[in-house]
Amino acid sequence: MSAAGKIEIGRDRLTLEQMKQVAAGTVTVSLSDDAVARMRKSNELVQQVIAVGDPVYGVNTGFGKFSEVRIDANDLSTLQTNLIRSHSCGVGPALDDNLVRMILIAKASSLSRGYSGCRPELAQMLIDFYNQDLLPVIPAHGSVGASGDLAPLSHMTLVMIGEGEATYGGETLSGVDALQAAGLQPIELGPKEGLSLINGTQVSTSLSVKAWLALNDLVVAADASAAWTLEGVAGLTSAFDARVHEIRGHSGAIASAERIRGHVENSQILSSEAASRRVQDPYAIRCAPQVHGTVRDVLANVRGMLETELNGVTDNPLVFPEQGDVISGGNFHAEPVAMVSDQLAIAGTDLASISERRTFLLTDPQISGLPAFLVEHGGLNSGFMIHHVTQAALVSACKTLAHPASVDSIPTSAGKEDHVSMATWAGYKANEIMDRAATVISIEMMAAAQAISLREPLQPGYGIQALQKELRTVVPKLDSDRYSKPDIDAAGQWLRERNWD
């Protein structure tokens, strides 16, 4: 286990919790002595292969369709530099700083295993970038998630050789200026080293990890919002009885039901006459543990695959110094990450979808028993009418974005790379979904809080009372129509920044 606030690459196994700290830039990272020794041994074998002169892909041959072209020994360093320059074809917005931090450490971790044939100085430089918060500017689009995340990782590597762009000290600088400002020197790439840096799934994986971390918070928030809505509509607690979920046996549903029960404990609203108007509640309330619980189970299943990928080697070719072998394989194919990201996207979409349905119930007087759209003097005031419309728009977008990317493949490199994963797009759109889902859930919380205010002096359970008090510090009760966007923005920011652990 790593010491608090420290990670030793090459010794510590990376976890999703550690990656959350990495993303925030709140840990110090170092390279273990064992990792240095492994990497030197691996690099020595590459030098031996060059001396013998046998063709080895990416060491003394061209790349992709040019893999049959032999490269002269005097040009091996130029080959690697040209690779990075030519493959820096990324487009679109730059990836967020928290993603770039994860990418740096994930790549350093992969190299530290000692199967990539490169010097330890490369992993150390990535770690130096992280520790000094020197962050390469990496465009979001340009990878198909096979042969590694070639384009985005090339933009990362450009900065290592003193080219490209990076942010440092709050400024965007040229690569060489950023290195100089941080007291670092550009590195000259040796044989295979450029390929080792860009042939891997670290961008796709980091995107998927970011989506996992967001959804892991959102499902806890969604349990709270479901309990809030349960109070708002004066619903029935019977569907959350532990016995109901224990006899089916899904651990996620058991956990969500327990959380919802905890939020509404000692509720005056749910023990009032208003809560006895129905025999059953609609599915969006009654089945919340089953839906939220499935999201929890997806998170649990996905954790193992992502942590395996974070700690694996996704390079090609692979260097096995103990046996003296250099083997071309396909570990760069990001299909495991693509399918995982698609699962997260689907889970996040359904979490948003059921939240929108609960908001609809809150605004319907036949269900809630409250004024239509949760506002007095309806007609003169529209209340939460268009808040719900905004939710509908966001959920519709989520449903479109949830179409699996991993079912798509477009052959590239003249057919040499004939099946690809689209993992980077899968991860990118999964994060788009999580952002929209966060807004949807925060709007449900606003509506539920309004319903609670309309039920005063009856009080909700202690858990919801506490949440109501917190939210009211940023979003006041709606007595009459006002400019709505600032409230939505404030509630969304509150949800995203709050610790839901």
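Refer to the structure presented above.
Summarised in this report is the structure supplied together with it. (Residues numbered from 1 in each chain as written. Predicted model: local features only at pLDDT ≥ 70, side-chain atom pairs only at ≥ 80, totals over all residues. Heavy atoms only, no water.)

Looking only at helices and strands, the protein features 19 helices and nine strands. C-alpha extents for the protein along the principal axes are approximately 85 × 50 × 45 Å. When burial is assessed residue by residue, the protein has 55% of its 501 residues classed as buried. The long-range fraction of contacts in the protein, counting pairs at least 24 apart against all pairs at least 6 apart in sequence, stands at 79%. Carbon and sulfur atoms provide 53% of the accessible area of the protein, an area that totals close to 20,500 Å². Each charge class in the protein was averaged separately, 39 positive and 57 negative side chains, and the resulting centres sit 5 Å apart. (Helix = DSSP H or I, 4+ residues; strand = E, 2+ residues; numbered from the N terminus. Buried < 20%, exposed > 50% of the residue type's maximum accessible area, 1.4 Å probe, protein only. Contact = heavy atoms within 4.5 Å. Areas by Shrake-Rupley, 256 points an atom, 1.4 Å probe, with all protein chains shown as cover. Lys, Arg positive; Asp, Glu negative; His and termini not counted. Charge placed at Lys NZ, Arg CZ, Asp CG, Glu CD.)

In strand β2 (residues 28-31), alternate side chains face the same way, and those of V29 and L31 are buried while those of T28 and S30 on the opposite face are not. Pairing of strand β1 (residues 6-9) with β2, which is carried by four bridges, proceeds in the parallel orientation. Bridge assignment links I7 to a residue of β2, and that residue is V29. Assessed by its sense of winding, the connection that carries the chain from β1 through helix α1 (residues 16-24) to β2 is right-handed. (Pairing = 2+ DSSP bridges. Right-handed = clockwise from strand over helix to strand, strands pointing away.)

Further remarks concern empty space enclosed by the protein. Per the stated rule, a full pass over the model turns up three cavities of 30 Å³ or more. Considered as a void within the structure, the largest cavity measures approximately 70 Å³ in volume. Lining of the largest cavity is provided by F384, H387, M446, Q450, R472, V475, P476, L478, R482, Y483, S484 and D487. Among the residues making up the lining of the largest cavity, the classes are represented as six nonpolar, three polar and three charged. Each pocket or cavity is described by its volume, and for the second largest cavity that value is around 40 Å³. Lining the second largest cavity, in full, are A106, S110, T201, Q202, T205, E309, L310 and G312. Of all the elements in the fold, those that place two or more residues in the lining of the second largest cavity are α4 (97-112), α9 (202-232) and α13 (288-310). Residue composition of the lining of the second largest cavity, grouped by class: two nonpolar, five polar and one charged. (1 Å grid on protein atoms, 1.4 Å probe; cavity = no way out; pocket = protein on both sides within 12 Å on 5 of 7 lines; lining within 4 Å. Points joined across faces, edges and corners; volume = space filled by probe spheres on them. Nonpolar A, V, L, I, M, F, W, Y, C, P; charged D, E, K, R; others polar.)

Bringing the sheet that holds strand β6 (residues 165-168) into the picture now. What the three strands build is an open sheet, ordered β4-β6-β7; its pairing is antiparallel. Two strands bound the open sheet, and with one partner strand each, they are β4 (135-136) and β7 (171-174). Docked against the sheet, helix α7 (residues 175-182) engages β6 and β7, running at close to 110° with respect to β7. (Axes fitted to C-alpha atoms, helices over the stretch in contact; angles between N-to-C directions.)

Applying the stated criterion across every chain yields a total of five aromatic pairs. With 5.5 Å between their ring centres and 55° between their planes, Y115 and F320 make a pair best called tilted. Placement of the pair is Y115 in the loop between α4 and α5 (120-131) and F320 in strand β8 (residues 318-320), with a sequence separation of 205 residues. Overall, the relative accessible area of 25% leaves F320 in the partly exposed class. Plain terms: the ring middles of W228 and W494 are 6.4 Å apart, the flat faces sit at 70° to each other, and that makes the pair edge-to-face. (Phe/Tyr/Trp six-rings, centres within 6.5 Å; stacked < 30°, edge-to-face > 60°.)

Before going further, it helps to examine helix α2 (residues 33-52). The end-to-end C-alpha distance of α2 is 29 Å, a good match for the 28 Å that 20 residues give at a rise of 1.5 Å each. Within the span of α2, buried status applies to A35, M39, S42, N43, L45, V46 and V49. One side of α2 carries all its buried residues, which in axial view fall inside an arc of 150°. Exposed residues pointing more than 90 degrees away from the buried face of α2 are listed as D33, D34, A51 and V52. Of the residues one or two after α2, G53 is the one with positive phi, at around 95°. (Expected span 1.5 Å × (residues − 1). Arc of directions from axis to C-beta.)

So, on to the environment of T473. Positionally, T473 belongs in the loop between α18 (462-472) and α19 (485-497). With relative accessibility at 63%, the residue T473 sits in the exposed group. Taking the C-alpha atoms as reference points, T473 and A490, 17 residues apart in sequence, are found 9.8 Å from one another. Within polar-contact distance, the side chain of T473 engages the backbone oxygen of E470 at 2.5 Å. (Polar contact = N/O pair within 3.5 Å; in protein donor to acceptor, adjacent residues only side chain to side chain.)

The interhelical angle for the contact between helix α14 (residues 335-363) and helix α16 (residues 385-401), taken along N-to-C directions, is 160°, at an axis separation of 9 Å. The angle between α14 and α16 places the two elements in the roughly antiparallel class. The handedness of the crossing between α14 and α16 is left-handed. Along the contact surface, α14 presents T349, A352, S353, S355, E356, R357, T359 and F360, while α16 presents H388, Q391, A392, V395, C398 and K399. Classifying every residue of the contact of α14 with α16 by side-chain character gives five nonpolar, six polar and three charged. (Parallel < 35°, antiparallel > 145°, perpendicular 65-115°, else oblique. Left-handed = near helix turned anticlockwise from the far one by under 90°.)

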